[in-house]
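# Report on the structure
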Amino acid sequence: MLADPALDADDEEQGLGLLDLALPLAENLRLLIAGPLLAGLTALGITFIIAPTYTARTTLLPPQQQQSVASSALASLGTLSGLAGLGGGLKSPAEQYVALMQSNTVTDRLIDQFKLMDVYEAKYREDARKHLANNVRINVGKKDGLLTVEVDDTSPQRAAELANAHVEELRRISGGLALSEAQQRRVFFEGQLQQTRDRLTSAQQALQASGITEGVIKSEPKSAAESYARLRAEATATEVRLQALRRSLADNAPEVQQAQATLGALRAQLAQAERSTDAGGANGADYVSKYREFKYQETLFELFARQYEAARVDEAREGALIQVVDPALQPEKKSKPKRALTAVATTLATLLLLASFVIARHFWRRSAAEPQNAEKLTQLRSALRRS
């Protein structure tokens, strides 16, 4: 059986190609062995000169949002429930905690506490902030939701202290802010309660000054006055809610239009009630208006007092907002540089570069030796000299 000349030619070209690659590698075998080894040993020696870096880590449990007592109780208060929506709930407390720890306020306190401008040899505070930001990693776990703070430093003790100091500064800055829903509601209703208390005292004094004693107030039929007071309280709450809606929505939004219609209806009912009071005479109108003002402020005070106490209960149920799962301990082993990995990676990279150089030089020389390429190489050299 005769062999196919074309297949023999292909095998011969493939064999020559492999030999052409193996030949320069074999001729420079010493260089390919000694060069990478020398580079790897040099890199290994440099890693001993570089100051080691230690990493300290602490883990936090961010606050968990839950349905509060006041949130469920607000549904039974009708229009007044819109007041608690002014603060809004937090979408992701952990992300806000990350932003707080990365804020300039916390960063500057840490720089001053640990004298990091001297440690980092920074001339400007902004440079120290950037250096510290490069050494700190704050992440939120996707599965467990835990918040981790990792700090790199050449001193293992300072790395652990910096990681724990982030937690303390977070407690400090969050203590002065209303971050949770309960805190926001407590602050809001506390202010409203104080204002209503002052107005209630003034209304009671005005009523008593008109000759009506406290005993008479208690014995007076209250049905009409209490109805008027609740109607006026709803109107006030609706007006406050409408102002809050206009801050974020346009006037033609359905929520704004509905609040406007509700406020208009309540004001119409109030006007009708006041006209019926005016028909009873000047003296009776003066007494009834003061009595209604007193009952109105009393109703508002009771509503705000209930919501304030409910917010305090919810805030107490949340407990400590910053809960440390694992405090940062002084690391015993350095995290970088990784000497073995650096030496192996440098050796392999040098081997690859040297092998590429040897093969490229071999084919360049072989091409230069061929007569048909001599003229092209001469033109190439001339072009390089001119450029």
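Scope of this entry: the structure provided in the associated data block. (Residues numbered from 1 in each chain as written. Predicted model: local features only at pLDDT ≥ 70, side-chain atom pairs only at ≥ 80, totals over all residues. Heavy atoms only, no water.)

Moving on, we get to the sheet that holds strand S1 (residues 54–61). Taken in spatial order, the four strands make up an open sheet running S2-S3-S1-S4, and their pairing is antiparallel. The strands lining the two open edges of the sheet, one partner per strand, are strand S2 (136–140) and strand S4 (323–326). The mean angle between the axes of side-by-side strands here comes to 25°, regardless of whether they run parallel or antiparallel. Note that S2 and strand S3 (residues 147–153) share five bridges and pair antiparallel. The partner of Arg137 across the bridge, within S3, is Glu150. Sitting on the sheet, helix H4 (residues 93–101) is in contact with S1, S2 and S3, with an inclination near 25° to S3. Across the sheet, helix H7 (residues 125–135) touches S2 and S3, and the angle it forms with S2 is around 50°. (Pairing = 2+ DSSP bridges. Helix = DSSP H or I, 4+ residues; strand = E, 2+ residues; numbered from the N terminus. Axes fitted to C-alpha atoms, helices over the stretch in contact; angles between N-to-C directions. Contact = heavy atoms within 4.5 Å.)

The next point concerns the side chain of Asp108. Mapping Asp108 onto the fold places it in helix H5 (residues 104–114). Apart from the residues within four sequence positions on either side, Asp108 is in contact with Arg125 and Arg129.

Membership of the largest hydrophobic core comes to 31 residues, with the highest contact counts inside it found for Leu132, Leu147 and Leu170. Among the elements of the structure, S1, H4, H5, H7, S2, S3 and helix H8 (156–175) are those that each provide at least two residues to this core. If you tally residues by element for this core, the top one is H8, at eight residues. Ignoring anything within four residues of it in the chain, the contact list for Leu170 reads Leu60, Tyr97, Leu100, Met101 and Ile322. Within the second largest apolar cluster, nine residues are counted, among which are Ala235, Val256, Leu266 and Leu270. (Core = buried A, V, L, I, M, F, W, Y, C linked by side-chain atoms within 4.5 Å. Buried < 20%, exposed > 50% of the residue type's maximum accessible area, 1.4 Å probe, protein only.)

Moving on, we get to the pattern of salt bridges. On inspection of all chains with the given rule, the structure shows twelve salt bridges. Measuring nitrogen to oxygen at the nearest pair gives 3.9 Å for the salt bridge that ties Arg172 to Glu169. With Arg172 and Glu169 both in helix H8 and three residues apart, the pair spans about one turn of that helix. Judged by its relative accessible area of 7%, Glu169 falls in the buried class. Salt bridges sharing partners connect three or more residues here, namely Arg57, Arg137, Glu150, Asp152 and Lys336. (Salt bridge = Lys/Arg side-chain N within 4 Å of Asp/Glu carboxyl O.)

Attention now goes to the pairing of S1. As paired strands, S1 and S3 are joined by seven bridges and run antiparallel to one another. Residue Arg57 lies in a different strand from S3, and its bridge partner there is Glu150. Looking at chain direction, S1 and S4 are connected through three bridges and run antiparallel. Bridge pairing in S4 links Thr59 to Asp326.

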